[in-house]
Amino acid sequence: VWGAFGTSGQRCTASSRLIVHKKVYRQFAKKLVERAKALRVGNGADPKVEVGPVINSEAVHKIMGYIEIGQHEDGATLAGGGHRLTKGEYGHGYYIEPTVFTDVSPDMRIAQEEIFGPVTSVIPADSLDEAVEIANGVRYGLSAAIYTQDVNRAFHAMNETYTGIFYVNSSTIGAEVHLPFGGTKGTGNGHREAGTQVLDTFSEWKSVYVDYSGKLQRAQIDNVIEDL
């Protein structure tokens, strides 16, 4: 819920796809929809509000466009949300209901393209390996997460999932500033921000030699060659 709808889904690391084992798929989807419908939408300055507005009218147009696309993709079910809120206090902002699509297949546009709004797609999988394959089957590779109590499964997913950021038992959003931030494939520019690695990314190295002997000397490599 937090990964998908925190900051109204307007994060590059938002959990826009949830890949769930078929054994618990129906139970998970039901609980997710119930939680999403119960979220309080409104003015983000109100501490009781859990989902604020999206940034502008262009974002509304894009997000609602993807919701319409999802409704017309064969097999997907709009299980919750899907509407722009405009009545009363909502008339003074860009509010969209937290939206959940279920029975989504990995090749659908809502599962392949970045919506950047309060919309998530729930995708069933038969196994961990299939889930990893689905996770890797997009052109982006920024952030992924696995929820499991099996340490072997956690490390297997950690190793096989091709993303720049990976979480175990935590949502895909909320990166820490002391660690490198960035992704793989079509995400970002191939570099990492944050952490000490940022110094290499945004700096040019210069090598400086200072001879303080007061004499003219050959370079070290020239002396070695002469000795040989």
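In this report, we go over the structure that sits alongside the text. (Residues numbered from 1 in each chain as written. Predicted model: local features only at pLDDT ≥ 70, side-chain atom pairs only at ≥ 80, totals over all residues. Heavy atoms only, no water.)

### Thoughts on the overall build of the protein
Part 1 of the argument: The secondary structure content of the protein amounts to 8 helices and 10 strands.
Part 2 of the argument: Among the 228 residues that make up the protein, the fraction classed as buried is 37%.
Part 3 of the argument: The long-range fraction of contacts in the protein, counting pairs at least 24 apart against all pairs at least 6 apart in sequence, stands at 56%.
Part 4 of the argument: Carbon and sulfur atoms form 52% of the exposed surface of the protein, whose accessible area is close to 14,500 Å².
Part 5 of the argument: Where the 22 positive side-chain charges of the protein centre and where its 27 negative ones centre are 7 Å apart. (Helix = DSSP H or I, 4+ residues; strand = E, 2+ residues; numbered from the N terminus. Buried < 20%, exposed > 50% of the residue type's maximum accessible area, 1.4 Å probe, protein only. Contact = heavy atoms within 4.5 Å. Areas by Shrake-Rupley, 256 points an atom, 1.4 Å probe, with all protein chains shown as cover. Lys, Arg positive; Asp, Glu negative; His and termini not counted. Charge placed at Lys NZ, Arg CZ, Asp CG, Glu CD.)

### Here we look at unusual backbone geometry
Residues apart from glycine generally show negative phi values, whereas peptide bonds are mostly found in trans.
Part 1 of the argument: With phi around 55°, threonine 7 is a residue other than glycine that occupies positive phi space.
Part 2 of the argument: Looking at the element boundaries, threonine 7 is found in the loop between helix H1 (2-5) and strand E1 (17-21).
Part 3 of the argument: One non-glycine residue with positive phi stands out, namely serine 8, at about 55°.
Part 4 of the argument: With relative accessibility at 3%, the residue serine 8 sits in the buried group.

### Notes on the nonpolar core
Part 1 of the argument: Counting residues in hydrophobic clusters, the biggest one holds 19 residues, and the most contacted among them are Ile63, Phe101, Val104 and Ile110.
Part 2 of the argument: Looking at this core, the elements with two or more residues in it are helix H3 (57-72), helix H4 (109-112), strand E6 (119-125) and helix H5 (128-136).
Part 3 of the argument: Per-element accounting of this core gives the leading share, 5 residues, to H3.
Part 4 of the argument: Counting 16 residues, the second-largest nonpolar core is a separate cluster that includes Val20, Tyr25, Leu39 and Val41. (Core = buried A, V, L, I, M, F, W, Y, C linked by side-chain atoms within 4.5 Å.)

### Brief notes about the side chain of threonine 161
Part 1 of the argument: Within the secondary structure layout, threonine 161 lies in the loop between helix H6 (151-160) and strand E9 (165-168).
Part 2 of the argument: In this structure threonine 161 comes out as buried when scored by relative accessible area, which is 9%.
Part 3 of the argument: Reaching out from threonine 161, the side chain makes a polar contact with the backbone oxygen of alanine 157 at a distance of 2.7 Å.
Part 4 of the argument: Those residues in contact with threonine 161 that lie beyond four places of it in its chain are Val132, Ala135, Asn136, Ala144 and Phe166. (Polar contact = N/O pair within 3.5 Å; in protein donor to acceptor, adjacent residues only side chain to side chain.)

### Side note on a nonpolar patch on the surface
Part 1 of the argument: On the surface, Val151, Phe155, Met158 and Val168 cluster together into a nonpolar patch covering about 350 Å² of accessible area.
Part 2 of the argument: Per-element accounting of the nonpolar patch gives the leading share, 3 residues, to H6.
Part 3 of the argument: Looking at the element boundaries, phenylalanine 155 is found in helix H6.
Part 4 of the argument: The class for phenylalanine 155 is exposed, based on a relative accessible area of 52%. (Patch = residues over 30% accessible without salt bridge, like charges linked within 9 Å, V, L, I, M, F, W, Y side chains within 5 Å. Salt bridge = Lys/Arg side-chain N within 4 Å of Asp/Glu carboxyl O.)

### Some points on the pairing of E6
Part 1 of the argument: Counting buried positions along E6 yields 6 of 7 residues, so the element is predominantly enclosed.
Part 2 of the argument: Bridge count for E1 against E6 is 5 bridges, and the pairing is parallel. Opposite leucine 18, over in E6, you have valine 122 as the bridge partner.
Part 3 of the argument: Sheet topology places strand E5 (residues 99-102) next to E6; 3 bridges connect them, and they run parallel. Each residue of the ladder has a partner; that of threonine 99, found in E6, is valine 119. (Pairing = 2+ DSSP bridges.)

Everything listed here is a matter of coordinates, which is why it stays silent on function.
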